[in-house]
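Here is how the chains run, residue by residue.
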Amino acid sequence: MAVDDECKLKFLELKAKRNYRFIIFKIEAQKVVVEKLGGPEETYDDFAGSLPADECRYCVYDFDFTTNENCQKSKIFFIAWSPDTSRIRSKMVYASSKDRFKRELDGIQVELQATDPSEMSLDIVKGRAL
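Residues numbered from 1 in each chain as written. Predicted model: local features only at pLDDT ≥ 70, side-chain atom pairs only at ≥ 80, totals over all residues. Heavy atoms only, no water.

- As recorded by an unreviewed UniProt entry, the protein carries the name ADF-H domain-containing protein and is attributed to Trapa incisa.

Some details on the side chain of S97
Here comes step 1: By the element assignment, S97 lies in helix α3 (residues 88-104).
Here comes step 2: S97 has contacts with M1, I27 and Y58, leaving out every residue within four places of it along the chain. (Helix = DSSP H or I, 4+ residues; strand = E, 2+ residues; numbered from the N terminus. Contact = heavy atoms within 4.5 Å.)

With respect to α3
Here comes step 1: Between its first and last C-alpha atoms α3 spans 25 Å; for 17 residues at 1.5 Å apiece the expected length is 24 Å, and the two agree.
Here comes step 2: K98 marks the point of greatest bend in α3, at about 50 degrees.
Here comes step 3: All of the buried residues along α3 are S90, V93, Y94, S97, K98 and F101. (Expected span 1.5 Å × (residues − 1). Bend = angle between axes of the 7 residues up to and from the residue. Buried < 20%, exposed > 50% of the residue type's maximum accessible area, 1.4 Å probe, protein only.)

Observations concerning the pattern of salt bridges
Here comes step 1: Scanning all chains against the criterion turns up 12 salt bridges.
Here comes step 2: A salt bridge links R18 to D62; the nearest nitrogen and oxygen atoms lie 3.0 Å apart. Taken together, the residues span a long stretch of sequence, with R18 in the loop between α1 (5-17) and β2 (22-28) and D62 in strand β4 (residues 57-66) at a distance of 44 residues.
Here comes step 3: Two residues, E111 and K102, come together in a salt bridge whose shortest N-O distance is 2.3 Å.
Here comes step 4: Here E111 falls in the partly exposed class, since its relative accessible area comes to 24%. (Salt bridge = Lys/Arg side-chain N within 4 Å of Asp/Glu carboxyl O.)

Take a look at the structure:
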């Protein structure tokens with residue numbers, strides 16, 4: 001599975017410059033490409049609403065939060081979105097290429113696997129971040 005250079009470029013911009021709140025990637029013609037970029041003003045609900053209900057995707061989300069000690073922090077989440085309603089072949093392709101793709105994105109701190117929106121709710125993300 002090839003990875004488009006734009007994937008790494010946009011991820012570096014999210015990590016270093018914080019130009020984006022999230023990035024959604026999809027596999028197209030044996031290559032991982034950027035499907036959608038979420039601006040810094042977009043919310044977690046905007047991000048969750050951008051995911052297709054019946055197709056797999058890889059996503060990166062820059063989550064800002066406040067710790068119990070009142071410190072502002074941020075963590076970069078990698079989310080493998082694989083809804084139950086997506087095609088089996090699609091799930092297999094995404095599952096088999098996930099680790100290789102994730103290695104291309106240096107700086108991911110938390111990984112989540114989600115098959116429906118409840119598995120990546122904001123509460124779960126907060127719980128994993130702290």
